[in-house]
Amino acid sequence: MSDEATDQARLRVAELSNRRANRFRRAPDEDTTRALAETLGAEALRKLALTGEVKPVSNGWRLEAHLGATAVQNCVVTLEPVSTRIERDVVRTYLPAQQLDSPEPGSETEVPEDDSVEPLGEVIDLDAVMLEALALALPDYPRKEGVEIGQALYAEDGVEP
């Protein structure tokens, strides 16, 4: 790879330089952005970009990036569109599978403290990294500014609450 930032969706690990950082700027096309929005249950995604670098670390690779996007979702109260600007740093470390703890099937396991470690495969899928980061960053219950869910009063039929 050259010093220029690539816009490939998938980075082949065998083609990455192990002497310097491999820069990327992933800005998906309109069809891919629409598909990501649909997968996330959003009405639309705009200005979507993942910019960063993949650099060699001991026995693996480290991805450091910044995710930027504007997501349009429906308000949970009014169902009107709500825009949310997302700016989030993303870090992943890819290590060979033999270096990762692999629990025995059926055994109880603890969630690791470092949830940024991933098994190293033949490719680093930037769209998958982007999708996961977006899913974690999107508001679960988007609400239009100033809108509140009023108090609900219930009573049996014929009785006024």
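Up top is the structure.
Owing to the predicted nature of the structure, the values given are computational and were not obtained by experimental measurement.

Asker: Mind showing me how you'd approach the pairing of strand β3 (residues 44-57) here?
Answerer: Consecutive side chains along a regular strand alternate between the two faces of the sheet. As judged from the five bridges shared by strand β2 (residues 22-26) and β3, these two strands associate in the antiparallel manner. Opposite phenylalanine 24, over in β3, you have glycine 52 as the bridge partner. Counted along the chain from β3 to the antiparallel partner strand β4 (residues 60-74), the turn is two residues long, and its residue asparagine 59 has a positive phi close to 65°.

Asker: How should I be thinking about the sheet that holds β4 in this particular structure?
Answerer: The strands making up a sheet associate through hydrogen bonds between their backbones, and the pairing can be parallel or antiparallel. An order of β2-β3-β4-β5-β6 is seen for the five strands of this open sheet, with the pairing classed as mixed. Edge positions in the open sheet fall to β2 and β6 (117-119), since each of these has one partner strand only. Pairwise comparison of adjacent strand axes, ignoring direction, gives a mean angle of 25° for this sheet. Direction of pairing for strand β5 (residues 81-95) relative to β6: parallel, over a ladder of three bridges. Across the sheet, leucine 95 pairs through a bridge with proline 119, a residue of β6. Helix α1 (residues 30-40) contacts β2 and β3 of the sheet and is inclined by roughly 100° relative to β3. Set on the sheet, helix α2 (residues 126-137) makes contact with β2, β3, β4, β5 and β6; between it and β5 the angle comes to about 130°.

Asker: What is the right way to read α1 from this model?
Answerer: In an α-helix, one full turn covers 3.6 residues, which means residues spaced three or four apart are oriented alike. Of all the positions in α1, only Thr33, Leu36, Ala37 and Leu40 are classed as buried. An end-on view of α1 places all buried positions within 100° of arc, on one side of the element. Projecting away from the buried face of α1 at angles above 90 degrees are the exposed residues Asp31, Glu38 and Thr39. Check the buried side of α1 and you find it contacts β3 and α2. You can read the cap of α1 off the contacts: a side-chain oxygen lies 3.3 Å from the backbone nitrogen of aspartate 31, and it is on aspartate 29. Glycine 41 occupies a position one or two residues after α1 and carries a positive phi of about 75°.

The rules behind the values
Residues numbered from 1 in each chain as written. Predicted model: local features only at pLDDT ≥ 70, side-chain atom pairs only at ≥ 80, totals over all residues. Heavy atoms only, no water. Pairing = 2+ DSSP bridges. Helix = DSSP H or I, 4+ residues; strand = E, 2+ residues; numbered from the N terminus. Axes fitted to C-alpha atoms, helices over the stretch in contact; angles between N-to-C directions. Contact = heavy atoms within 4.5 Å. Buried < 20%, exposed > 50% of the residue type's maximum accessible area, 1.4 Å probe, protein only. Arc of directions from axis to C-beta. Polar contact = N/O pair within 3.5 Å; in protein donor to acceptor, adjacent residues only side chain to side chain.

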